[in-house]
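Here is what each chain is made of, one letter per residue.
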Amino acid sequence: MKYISYDEATKVFQLHTKNSVYQMQVADYNTLVHLYYGADIGDTQASHRIIRLDRGFCVNPYEAGDDRTFSLDVLPQEYSGYGNGDYRINAMEAEHEDGSDALHLRYESHKMMEGKYSLDGLPCMFGGADEAETLEIVLYDRITNLKVHLLYGVFYELDVITRAVRIHNEGERAVKIQRAMSMEMDYPNKHMDLIHFYGRHAMERLTERLPLYHGIQSVESKRGTSSHQHNPFVILCDKSASEKLGDCYGFALAYSGNFRCEIEVDQMEQTRIVMGIHPYHFSFKLNKGDVFETPEAIMAYSSEGLSRLSHIYHDAYRSNLIRSKYVTMPRPVLVNNWEATYFGFDEEKLYRIAQDAKEIGLDMFVLDDGWFGKRDNDNAGLGDWVVNEDKIKGGLPKLVKRIKDLGLKFGIWIEPEMVSEDSDLYREHPDWVLRIPDRSMTRGRFQLNLDITRKEVRDHVMQQIFRVLDSCQVDYVKWDMNRSVANVYSSALPSDRQGEVFHRYVLGVYEMMEQLVTRYPDLLFENCSGGGGRFDAGMLYYSPQIWCSDNTDAIDRLKIQYGTSFGYPISAMGSHVSVCPNHQNGRVTPFETRGVVASAGTFGYELDLGRLTPEEKEMAKKQILDYKQIEHLVQTGDYYRLSDPFKNNDYVVWQFVSKDKKETVVNGVQLRNEPNPHIHLIYLEGLLPKEHYKDAQTGAVYTGAALMKAGIPLPVGLGDYQPLKFRFVMV
């Protein structure tokens, strides 16, 4: 093995990536302890960092005899169980048939394999023998014979280590898993900050940086999805860490359901982080021989600040998580009819929008909500995936043919996980929803959650959708999900398995999406959940892009897209030009500014093109051409955050740099103009210092060093909300 080693004498495991090393050791009494994760330290084994002392009120395992210095309560561990003398947050808890819940996990064996492990029915990074290696360490509880397989995937070139856990009940009696985190990491006395990404519907992934404090901090969702409110990606970093400097550790969970990330600073100033499925309303019963797998956690380390950490995640996801052929391909620039028509359309109105799209140079027309069932508002029709021919006379195939005859591609919106009470599906199968017996249900947007833990429900919905997609050769699908999961009870499961519903729901979503992308491998698939309610690494495994937010206001999007960029590729962000006054907040911004902001993502339009003025149509034509010139940078380039919209009220600026460093684009927005203004300098990143770069607008030539160290001044006197655009090419 090239990247994974085990020293038989010291019982130390080492996992190497290009710029980091991860160490753990089988210590006394077969306890697996964590030694180190960070910058490469050569051939030194970091076991010297563990100092054992007799600590008051820290209990000792019985087998330690009179050795009062060995306590799990203070040792850095690799994967801790509950009820064994470690009183900190734990990675795993199980309830046994006798009602006890203690686990004492000890090392049993390990093996190393070429290539990356896979998970059954769960998204995860992939890699062949030339890209990745796998370490599997088996821990066991000797009383129950429960085997816990710790899985580590090592991607040397990508600087990424993945983790997951496979729990196998090899005992004779049933065990109920109550808590199964995907990873645990223990740090010694290291004072750090937490960066997390919070928000709400229409304002997702806002950035907050907090100092870690004594006690427990958590970032979590109990909404059945990864949620608008919190994101399953966090960063721990040095207090002095910046975009360019400092140790930064990233933790992402490739999971689209309830999650929890907990961080505890303990009595000894040690920090423990665990991440995985939220234990709220979670349990999973394992009979003899049964196996449970946790979602995958994706870890990365940067000694060069936050920008480098983001680049690691961007590159890793693009190369070894997103499977779509569109991951590096140009994507069609589209118009979506939603904000133009909402539910009020017919086939002629849709066709006129498509004609206008063709006129300005767009590539695709997307039909949003309202094309099916009796869907004249959001009270009815969900679940009846049959074309409404009162609206679309002659049926969808006829409309699609007309639009494709214009030379456009065609896309469509679906919401497969939901049902309206006013629908044929609900009237025929009222038991097909999540519903707690004898209790009234909660509604969201006048819709209910289908019980997609049930195969017959999944099959019924997908077969309806497949018939529609097959009938008209759809090029793009937008999969939406417009409420949180509630009424969590499945009539198809016994009472002792109701704690499995949340997780089985997510597995059902993944199965349905897998069917879709397998049946239509050339389809461009975009995920959505009221905008960014499921913007997570798990969804990127199925869809190369996610609708970033239902908020299309250019100024709000500066913060939303800024926060999203820390952990997700720019090419994954669906971002469109919309009408002003903006439908979400009423703000008015220049048309060109809206285009600049939307070009930091997968570009498109969300408005009635027929209402554009002649001047706006000409600007739209230019925006589309300009975007296609820089699309390769958005898709594959390195992204730099040159300013922080949470701290800078004057301007927001960002930069793309090609991998070969020959080309860079700097875009942004001047937020406010002021009299007698300051001269603001921006400092570019990622260029070759000794090479020369030509300004595409002025023809001026600068060294890379000058652009990065001396900076360039921003224009003055532009007015509020004005666009900023620079492009430099190596000469």
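Here's a quick rundown of the structure. (Residues numbered from 1 in each chain as written. Predicted model: local features only at pLDDT ≥ 70, side-chain atom pairs only at ≥ 80, totals over all residues. Heavy atoms only, no water.)

**Points about the overall build of the protein chain**
Right, on to step 1. Secondary structure summary: the protein chain contains 12 helices and 38 strands in total.
Right, on to step 2. Computed over C-alpha atoms, the radius of gyration of the protein chain comes to 27 Å, within 12% of the 27 Å expected from 2.2 N^0.38 for 731 residues, which places it in the range of a compact globule.
Right, on to step 3. For the protein chain, the C-alpha atoms occupy an extent of roughly 85 × 70 × 45 Å along the three principal directions.
Right, on to step 4. Per-residue burial for the protein chain yields a buried fraction of 62% across its 731 residues.
Right, on to step 5. Pairs at least 24 apart in sequence give 68% of the contacts found in the protein chain among residues at least 6 apart. (Helix = DSSP H or I, 4+ residues; strand = E, 2+ residues; numbered from the N terminus. Rg over C-alpha atoms; globule rule 2.2 N^0.38 Å. Buried < 20%, exposed > 50% of the residue type's maximum accessible area, 1.4 Å probe, protein only. Contact = heavy atoms within 4.5 Å.)

**Some points on the nonpolar core**
Right, on to step 1. Grouped together as the largest cluster of nonpolar side chains are 202 residues, with contacts concentrated most on I177, F251, W371 and L396.
Right, on to step 2. In terms of residue count, the dominant contributor to this core is helix α7 (residues 501-519) (10 residues).
Right, on to step 3. With residues near it in sequence (within four places) discarded, F251 still touches M183, M185, Y187, P232, F233, V234, L236, I273, M275, I298, M299 and Y313.
Right, on to step 4. One finds V666, L707, I712 and L724 within the second-largest nonpolar core, a separate group that totals 17 residues. (Core = buried A, V, L, I, M, F, W, Y, C linked by side-chain atoms within 4.5 Å.)

**Section: the pattern of salt bridges**
Right, on to step 1. One pass over the structure, following the stated rule, counts 61 salt bridges.
Right, on to step 2. The residue R88 makes a salt bridge to D86 at a minimum N-O spacing of 3.0 Å. The same class applies to R88 and to D86, which are both buried.
Right, on to step 3. For E685, the salt bridge goes to K244, with nearest N and O atoms at 3.4 Å. In this pair, E685 is assigned in the loop between β34 (681-682) and β35 (692-695) and K244 in the loop between β14 (233-238) and β15 (248-254), connecting sequence segments 441 residues apart.
Right, on to step 4. Judged by its relative accessible area of 17%, E685 is buried. (Salt bridge = Lys/Arg side-chain N within 4 Å of Asp/Glu carboxyl O.)

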